[in-house]
Structure formats: structure tokens, C-alpha cells
Amino acid sequence: MSYTIDDLKTLMARLRDPEIGCPWDTKQTYKTIVPHTLEEAYEVADAIEREDFPHLKDELGDLLFQVIFYTQLGREDGYFDFDGVVDHLVHKLVRRHPHVFPEGTLESRIDPDNRPSEAWIKESWERIKAEERAEKAAQPTAAADAPDSRLDGIARTLPAMARAEKLQRRAARHGFDWPDIAPVFDKLHEEIDELKAACAAVGTGEGSEDDVEDELGDVLFACVNLARFLRQNPEQALKRTNHKFEQRFRAIEAHLAAEGRDMDEESLEALDAIWQSVKGVEKSPPGR
């Protein structure tokens with residue numbers, strides 16, 4: 001027997017049944033589920049990163065269950081249900097892709113011999129997104145004391161690095177950007193100097209840890225901006241460095257274990273010497 005999305009919706013409703021459901025599931029709220037949603041999303045990303053596609057199927061199911069959970073809560077509260085979410089999503093995606101659905105319907109098709117240019121597609125996408133942001137801002141749920149901004153719609157709950165990149169890209173589309181990469185490097189050096197000054201001020205009692213945090217944030221924001229100019233994904237770049245560090249650290253552990261030495265008893269100088277040796281092996285040409 002093969003289950004369907006309708007079966008999953010039925011299962012979710014049973015789990016939330018106040019009389020015969022699961023005690024844990026019946027206690028959950030939108031907010032209590034959020035940490036689990038984030039965890040499942042990261043597990044999906046991890047499976048993709050490791051190219052563990054058999055496991056990816058399982059992780060995608062766990063992430064789908066989060067969507068089902070939210071829509072069950074929404075149905076109970078009279079806000080929305082799963083079918084309404086799907087209907088809204090399809091309408092939104094059809095609207096955002098006039099280069100695929102020219103008449104604004106799922107059935108309409110583009111003439112393959114008369115496809116619009118990529119420049120037109122990009123301009124159309126940004127225009128439609130801007131219209132959607134304006135419509136959302138006009139809804140009664142929008143904060144009455146918050147003036148409209150071109151930065152509206154960038155979720156505050158995004159990971160800080162991802163949100164920094166989105167803020168910068170949005171601002172750049174409206175002319176608030178450096179003309180080339182040279183001043184981006186200058187800005188990064190400037191922020192590093194200000195961080196050094198803040199750290200020195202703490203040492204003399206004239207500054208605070210809050211100042212250091214503020215300046216460190218400026219450095220990180222400048223690094224994200226540099227990555228944008230280099231057309232690099234900062235998250236992916238940091239993941240690569242994390243992996244590199246982990247591999248080298250494990251190599252140090254293996255080196256010491258092979259010699260019967262305890263890492264915790266070694267000096268920093270000894271550990272750094274092995275670290276440099278590991279780096280040298282990595283950079284050696286193949287066959288040497």
C-alpha cells in the first residue's frame with residue numbers, strides 16, 4: 001500500500017486529536033515547532049552536502065511533516081489549511097513566471113521560438129516581487145508604525161549571514177552600493193581597524209564588550225559584502241574552511257596517536273609544527 005499526501009494530513013489530524021491523539025503533538029504550538037523545523041531543514045542540507053541521497057528521502061519527509069504540522073495548526077485556528085497553502089503557492093509561482101505561463105494560468109505555455117531574454121525575466125521577477133511586497137505592506141497585519149521600506153520582506157529570522165547578503169543585494173538594486181571591489185576591501189580594512197581600537201579600549205577600561213560586538217558585526221557584514229562582490233557564497237566558503245580545519249585537526253590527532261602521544265600534553269608550538277606539516281602535505285603536488 002502506498003500512502004498519499006491525504007493520508008499524511010489524516011495522520012496529522014489524528015496526532016492532534018485532543019482526546020485520542022499524541023500528548024506531545026497536542027501540546028505543540030507554532031513557536032514550539034520552529035526549532036524542529038530549523039533542525040530538519042539543516043538535516044536536509046547536510047544530506048545534500050554529503051550526497052547521501054537515500055537518506056535525503058527520509059530527511060525530506062521529516063521536513064514535509066513540519067509543513068503538515070503548521071497547516072494542521074492553521075486549520076484548527078481557522079487561518080489556513082494545507083490545500084489553501086498549495087493553492088496560494090501555485091498562484092504565486094504562476095504569477096512570478098510569466099516567461100513560462102504567459103497568460104497567468106497553469107495551462108498556458110510559452111512559444112519556444114519566442115522566449116524572452118534573461119534580462120527581461122530578471123526585470124520582470126523584481127517588478128513582480130516589488131508589487132507583492134507593496135501588497136503585503138498594505139495588509140491590515142502590517143505594523144502601523146513601521147514605514148514602508150525597500151528592505152521590507154527580508155525575514156528577520158533568517159540566519160544572520162544569509163540576511164546580511166539579502167539586505168546588501170536589495171540595497172544594491174536601488175543604487176546603494178560600491179562602484180567596484182576596491183572600496184569594499186578598503187571598508188573591510190577600516191572595520192578591522194575599528195575592531196582593534198574597540199578591543200584596545202576594553203583593555204584600558206575605556207570601552208565595553210558591547211562595543212566589541214558591534215565592531216565585530218561590522219567586520220562580518222563587510223566580509224559578506226566582499227563575498228558578494230567576488231560572486232562567492234559566504235556560507236559555502238565558510239563550510240569549506242570548517243571542513244578543512246576539521247580534516248587538519250583530525251590529522252594532528254592521528255599523528256600524535258600513532259606516536260603514542262597525548263594531544264592535551266603537547267605544547268602549542270609542537271601542535272603548530274604538526275599543523276604546518278599537514279598543510280604542506282595538502283599542498284604537495286600529486287605523486288610526491
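Preceding this paragraph is the structure being described.
Criteria and thresholds
Residues numbered from 1 in each chain as written. Predicted model: local features only at pLDDT ≥ 70, side-chain atom pairs only at ≥ 80, totals over all residues. Heavy atoms only, no water. Helix = DSSP H or I, 4+ residues; strand = E, 2+ residues; numbered from the N terminus. Buried < 20%, exposed > 50% of the residue type's maximum accessible area, 1.4 Å probe, protein only. Contact = heavy atoms within 4.5 Å. Expected span 1.5 Å × (residues − 1). Arc of directions from axis to C-beta. Patch = residues over 30% accessible without salt bridge, like charges linked within 9 Å, V, L, I, M, F, W, Y side chains within 5 Å. Areas by Shrake-Rupley, 256 points an atom, 1.4 Å probe, with all protein chains shown as cover. Salt bridge = Lys/Arg side-chain N within 4 Å of Asp/Glu carboxyl O. Lys, Arg positive; Asp, Glu negative; His and termini not counted. Charge placed at Lys NZ, Arg CZ, Asp CG, Glu CD. 1 Å grid on protein atoms, 1.4 Å probe; cavity = no way out; pocket = protein on both sides within 12 Å on 5 of 7 lines; lining within 4 Å. Points joined across faces, edges and corners; volume = space filled by probe spheres on them. Nonpolar A, V, L, I, M, F, W, Y, C, P; charged D, E, K, R; others polar. Phe/Tyr/Trp six-rings, centres within 6.5 Å; stacked < 30°, edge-to-face > 60°.

Caption draft 1: Highlighting the environment of A227. Within the secondary structure layout, A227 lies in helix α9 (residues 209-229). Overall, the relative accessible area of 9% leaves A227 in the buried class. Taking the C-alpha atoms as reference points, A227 and A237, separated by ten residues in sequence, lie 8.8 Å from one another. Excluding residues that lie within four positions of it along the chain, A227 makes contacts with Q232 and P234.

Caption draft 2: Just the environment of E126, in detail. Structurally, E126 can be placed in helix α6 (residues 118-137). You can call E126 partly exposed: its relative accessible area is 22%. C-alpha of E126 to C-alpha of G61: the two residues are 65 residues apart in sequence and 32 Å apart in space.

Caption draft 3: Structural context of helix α5 (residues 82-96). With 15 residues, α5 extends 21 Å between its outermost C-alpha atoms, agreeing within 8% with the 21 Å of an ideal straight helix rising 1.5 Å per residue. All of the buried residues in α5 are F82, V94 and R96. All buried residues of α5 fall inside an arc of 165 degrees around its axis, so they share one side. Exposed residues on α5 whose side chains face more than 90 degrees from its buried face are H88 and H91. Where α5 is buried, its residues contact α1 (5-15), α4 (53-77) and α6.

Caption draft 4: Expanded view of a negative patch on the surface. On the surface, D210, D211, E213 and D214 cluster together into a negatively charged patch. Turning to its location among the elements, E213 is positioned in helix α9. E213 gets classed as exposed once you look at its relative accessible area, which sits at 57%.

Caption draft 5: Local environment of the layout of surface pockets. Approximately 400 Å³ is the volume found for the second largest pocket. Of the residues forming the lining of the second largest pocket, the biggest block, five residues, is contributed by helix α3 (residues 30-49). Split into classes, the residues belonging to the lining of the second largest pocket amount to seven nonpolar, one polar and six charged.

Caption draft 6: Representation of the side chain of T37 within the structure. Within the secondary structure, T37 is located in helix α3. When sequence neighbours within four positions are dropped, the list of residues in contact with T37 reads L63, Q66 and Y70.

Caption draft 7: Fine view of the packing of aromatic side chains. Enumeration according to the criterion identifies four aromatic pairs in this entry. For the ring pair F245 and W275, a centre distance of 5.5 Å and an interplane angle of 50 degrees mean the geometry is tilted. Note that F245 is positioned in helix α10 (residues 234-258) and W275 in helix α11 (residues 268-283), a separation of 30 residues in sequence. By relative accessible area, F245 is classed as partly exposed at 48%. Exposure remark for W275: the relative accessible area of 18% places this residue in the buried category.

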